[in-house]
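Inside the fold
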Amino acid sequence: MCGYIDGVAAQYGVDVDGDYRNFLAEFFTEAISGTILSWCASGVSDLQNRERTLLYLENIMHSIVPQTLVLHPQPSAQEQDSV
C-alpha cells in the first residue's frame, strides 16, 4: 500500500510525509481487509457482488488517494519540529 501511495504522490508531483503515508496505508489496508472479512463472515458467494465490491474499492482508491495527497498540506520543517 505504501508503494501505491508513493506512486500516486510521484504521479502528482507531491511530497508525502512518511508518517502520513504510513497512516494512509494502514487506514486503507484495514478498510480493505475489513471488507474481505465481512465477505467471509456473511458467506458472500455471489461472484457478481464480489466483483462489484472490488470495483467500488478500486474506484475509491483511484479517486480518494490522489485527492487526499494533493489536498493534504505538507507541514514545513519548523511546524514539524513544534509538534
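Residues numbered from 1 in each chain as written. Predicted model: local features only at pLDDT ≥ 70, side-chain atom pairs only at ≥ 80, totals over all residues. Heavy atoms only, no water.

This part is about a nonpolar patch on the surface. Taken together, the side chains of Tyr 12, Val 70 and Leu 71 make up a nonpolar region of the molecular surface, amounting to roughly 320 Å² of accessible area. Locating Val 70 in the fold gives a position in helix α3 (residues 47-71). According to the relative accessible area criterion, Val 70 is partly exposed, its value standing at 46%. (Patch = residues over 30% accessible without salt bridge, like charges linked within 9 Å, V, L, I, M, F, W, Y side chains within 5 Å. Areas by Shrake-Rupley, 256 points an atom, 1.4 Å probe, with all protein chains shown as cover. Salt bridge = Lys/Arg side-chain N within 4 Å of Asp/Glu carboxyl O. Helix = DSSP H or I, 4+ residues; strand = E, 2+ residues; numbered from the N terminus. Buried < 20%, exposed > 50% of the residue type's maximum accessible area, 1.4 Å probe, protein only.)

Moving on, we get to the packing of aromatic side chains. Using the criterion set out here, one finds two aromatic pairs in the structure. Considering the side-chain rings of Phe 23 and Phe 27, the 6.3 Å spacing of their centres and the 25° angle between planes classify their relative orientation as stacked. In this pair, Phe 23 and Phe 27 both sit in helix α2 (residues 18-42), four residues apart, roughly one turn of the helix. The class of Phe 27 is partly exposed, set by a relative accessible area of 48%. The interplanar angle of 90° and the centroid separation of 5.3 Å between the aromatic rings of Phe 27 and Phe 28 together place this pair among those described as edge-to-face. Classification of Phe 28 as buried rests on a relative accessible area of 7%. Members of the aromatic cluster, each reached through a chain of ring pairs, are Phe 23, Phe 27 and Phe 28. (Phe/Tyr/Trp six-rings, centres within 6.5 Å; stacked < 30°, edge-to-face > 60°.)

When two helices pack together, their arrangement is given by the angle between their axes and by how far apart the axes lie. Close contact between helix α1 (residues 2-12) and α2 brings their axes to 9 Å; oriented N to C, the two are set at 125°. Considered as vectors, α1 and α2 are oriented oblique to each other. Read as a crossing pair, α1 and α2 show a hand that is right-handed. When α1 is examined against α2, the residues Cys 2, Ile 5 and Asp 6 are found in contact with a partner set consisting of Arg 21, Asn 22, Leu 24 and Ala 25. Classifying every residue of the contact of α1 with α2 by side-chain character gives four nonpolar, one polar and two charged. (Axes fitted to C-alpha atoms, helices over the stretch in contact; angles between N-to-C directions. Parallel < 35°, antiparallel > 145°, perpendicular 65-115°, else oblique. Left-handed = near helix turned anticlockwise from the far one by under 90°. Contact = heavy atoms within 4.5 Å. Nonpolar A, V, L, I, M, F, W, Y, C, P; charged D, E, K, R; others polar.)

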